Structure formats: structure tokens, C-alpha cells
Amino acid sequence: MSGFIHDAGKEAKPFLFVLALVAALGGFLFGYDTGVISGALLFIKPAFHASAFQLQAIIGSLLLGAMVGAVASGYLAEAMSRKWTKVLSGCIYFGAALWSAFASGTTELIAARFILGLSVGTASFVAPMYIAEIAPRRIRGGLVSFNQLMIVAGILMAYIVDFLFKGVGGNWRWMLGLGAIPGIALAVGMIMMPHSPRWLLERGRDDEARAVLERVHRRSDSIEDEMNDIRRVVAQEGSLRDIIGPRVRPMLIVGLALAIFQQIVGINTVIYYAPTILRFTGSSVSSAITQTVFIGLTNVIFTVVAVLLLDRFGRRVFLLVGTVGLIVSLLVLGLFFGAPGVRHAVPDLALIALIVYIASFAIGLGPVFWLMISEIFPLHLRSPAMALCTVTNWAFNFLVSFTFLSLVGALGRTGTFLLYAAVGLIALTFFATRVPETSGRSLEEIEQQLQGKRRGKSRGHEVPAVGSDVGS
Ligand code: BGC
């Protein structure tokens, strides 16, 4: 456990943790919104006599906005900087959270949630990108995963807010409106934060870049190493078309596959529908809601484990072990619903399986997807490539969340969970054979690796090419 804490003390100045926390407020907005809406909808429905279609549109408009936001911020993060894109995202969230709280009808609410989505889509990837670009390599995994930690903290906070306000008049307005607080905190906090040193170096602002690195890195030799690495990569010209070129294609495939698998193993069916799944098992409404808070808590606890250990043991081991956990728990859920004998013998098995499922996601695909897409792309393509992976992730989030109940109708509960388990198996095979280790290397070394060059040193040993890395 001491790996991250020990290395962090040696590598980083305290300001870096303030910076990572402020930047990760973007993740908090993402999580808060994901978590709050399921509870709020229960009260929005009678308040506006909303139809099923309108309720779906209230959820879906945010996801749609997030896709547009992710694409737009791929451009903004370059043009106006990571820092100012994050300030903008906080301001938009602040305004749109208040608008949604004061909405006078479903149309206004749908519009406000589309705008909120623009902010959430932006925040979802500019936060990990900004942190990855500033962090010393040896603690990059843990620091970038602060963002995932804030996502799950946001989800848990939303469950708690839903729980606390459920008996208060006009409660859904409070549930949605309270999101304005982390929104403004992000905007104000980011105004006080520096630019990404990589973004500065790309623009020839070397002195400013060094000043930023000096504010956060403890070791001066690591500052010069980083500056030289970044300069070398910046010097290599490239164009946007390289994104589909042969050098970057393998990494784009890894990024997109992680984006898709992260969603199609069914994570958001659990996040959005945990109470529904627990009701399938025969739980009462009130105990289903209490058990859901427990699931949210498990998500936070295991994300903390990932933050502490990802840099020590590497990304691959967590990805693989986590995915095995997902498959096993999905198989158990399938068995539970398919075999009445099992259901009667161990009535709590579904809850246990859901907890194992969420813990496995929290140590594996949850943080590793966001972390890896901030590490594997070359600097000049990082914004558009991350935007592409993020938009794909949101699109599949939309697809899976909206097909879950129909899938249960068509395939039954057992069939649905077995289908997710089969997807998990394909994911596991892909991860085992195609995903490289990125731990302990500078972003520039990773870039050199993916271009197939053997170069540089990391922790005193030669960096192998990507292909030879797999399975190490
Ligand atoms: C995923 C979200 C998910 C959350 C749950 C994130 O990494 O991208 O879709 O809701 O984790 O923990």
C-alpha cells in the first residue's frame, strides 16, 4: 500500500496534490450527474407528468451533450489550453445545473441537461489529460486515477443527496441544483492552476514550462529529463491525419477497444439500475436503495486501492485481474437468476456478486481506461485521439444503458448477464494480447515505444518496443 504514498513523498511537492484534486473536480461533476439523475427522475416524473419518452430524453440529452462536448474539447484543449477548457467546463456546469434546477417544464430540463452534458463530456477527458501531463511518471497512475476516484465519489455523493432529500419539497430541484457547487469550485480552482507544461512547450514557452515543473516536481534531474523528452517529441512534426496512420493505429485500436469494453461489460446498468437489479432478487424498495449506497461505497473503496497500487504493480495486472472478477461475477448473476435452487439456498448471492462486480471494475477497467488513454497517444495527437476515445465511451454508455431493460425483456435476466460475461471474455483476451504496460515510463518514452523505437531508459533499463511489452 505504501508504494504510491512513499513515491509521492519523494517525487512530488504538496502543490501537485492540490492541483490534481482541483483538476479531478471535473471527474466529480461527471460522477455526480451520473448518480443523481436516477433518484431525481422519480420526483420529476410526477412533477411534470412526464411520459416514458420524456424521461428517457432527460437522461439521453446529457449523454448526447457529453458526446458533442468531448469532440469540441478535443479542439479547445489545443486552441485555448487544457486549463482554460477546464475553467469553461466548470462555468458551463454551474450555469446549466442552476438552469436545470429552475426548469419550468420537461423541454427546458432536456435543453439544460444537454448543456450540462457539454460540460461533463469536456471534463471527462481534459481532467485525466491535464493531470497526466503534469505528473512525475512514477506516480502518474495514482494521480490520474484521482479523477476516477472523484467520479465514484461524485456518484456516492449523489446517492447520499438523493437519500437525504427524498422527503423534502421540491427535492429534485435541490438534487440537480447542488451540482452548481462543484461546478463553480472547478472554474475558480482552475483559474488558480498553471498550464500543462507539455502544452506550454509545444508553443515554445520553455521558461514557463520549467517553472510549472519546478512547482510540482521534487527532483531537479527529473525536470530536465522531462523537458528534454518533451522537446524531442515536440520537434517531430505531425498532422491530424497521423491518427489513422500505421504508427498510431495500434494505439488507437487499444484506446477505442478500452473505451468500448469499459461500457459493454455493463457497468452503467449497475450504476443506473442497481436498485432495479436488486428488486429482481426480491429486495424491498427501501432495502434496495440502502444496498445501492453500499455498492457506491464499495466503488470508492476499491478505487482507492487502485490509486495506491497502480504505479507499483503496473496497469496490466489490475486490468486483467479486474476483468476476470467481472466475468466471474456476471456468471454468478446469470446462475442466480437461472437456477431457482441457488436463489433459495443463497438469497444474498446477487448482492455479493454485484459487490464483487463493482470492486473488480473499480480496480481494473474503471481507472485503467482513463489512465491509459492519457498515456498512449503522441503529444500532437493527444487531444483529438483522447476526444475520439471519450466520445466512443459516451456513445457506448448511451447504447448499453438504453438497451438494458429491452435486453432483459428479450434474453431474460440470465441471458443478459451471460451475454455481458461473454463480452468480458473477449475483452480479457484482447487485454492479455494487445494492451502494453505503460507504468513507470514518461509519456514521451511511451510515444517512442509505440513508434517501435528502442530508446531511452526507464528505471535504469532499456524500454522494450510495444509488442514485446505485452504480457510482461
Ligand atoms: C466510467 C463511467 C462509470 C463510472 C463508474 C467510469 O470510469 O467511464 O461510465 O459510470 O466509471 O464507476
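What comes next concerns the included structure. (Residues numbered from 1 in each chain as written. Predicted model: local features only at pLDDT ≥ 70, side-chain atom pairs only at ≥ 80, totals over all residues. Heavy atoms only, no water.)

With respect to the nonpolar core
Next up, step 1: Among the nonpolar cores identified, the biggest contains 152 residues, and Ile 44, Leu 143, Phe 377 and Phe 431 are the most heavily contacted of them.
Next up, step 2: Other than its neighbours up to four places away in sequence, Ile 44 contacts His 49, Ile 58, Leu 109, Trp 172 and Leu 176. (Core = buried A, V, L, I, M, F, W, Y, C linked by side-chain atoms within 4.5 Å. Buried < 20%, exposed > 50% of the residue type's maximum accessible area, 1.4 Å probe, protein only. Contact = heavy atoms within 4.5 Å.)

Re helix α9 (residues 180-191)
Next up, step 1: For α9, with 12 residues, the first-to-last C-alpha span of 17 Å sits near the 16 Å given by 1.5 Å per residue.
Next up, step 2: Residues of α9 that are buried make contact with α2 (14-23), α3 (25-48), α5 (82-101), α6 (106-134) and α8 (171-177). (Helix = DSSP H or I, 4+ residues; strand = E, 2+ residues; numbered from the N terminus. Expected span 1.5 Å × (residues − 1).)

Describing the packing of aromatic side chains
Aromatic ring pairs are described here by two measures, namely the spacing of the ring centres and the angle between the planes.
Next up, step 1: Inspection of the entire model under this criterion finds 13 aromatic pairs.
Next up, step 2: Here the aromatic rings of Phe 261 and Phe 431 are separated by 5.7 Å at their centres, their planes lie at 90°, and the arrangement is edge-to-face. Of this pair, Phe 261 sits in helix α13 (residues 249-264) while Phe 431 is found in helix α20 (residues 379-434), placing the two residues 170 residues apart along the sequence.
Next up, step 3: Look at Phe 261 and you get buried, because its relative accessible area is 11%.
Next up, step 4: A relative accessible area of 0% means that Phe 431 is categorised as buried.
Next up, step 5: When the centroid spacing of 5.3 Å and the interplanar angle of 90° are considered together, the rings of Phe 336 and Phe 337 count as edge-to-face. Note on accessibility: Phe 336 and Phe 337 belong to one class, buried.
Next up, step 6: By way of ring pairs, the aromatic residues Phe 30, Phe 369, Trp 370 and Trp 394 are connected into one cluster. (Phe/Tyr/Trp six-rings, centres within 6.5 Å; stacked < 30°, edge-to-face > 60°.)

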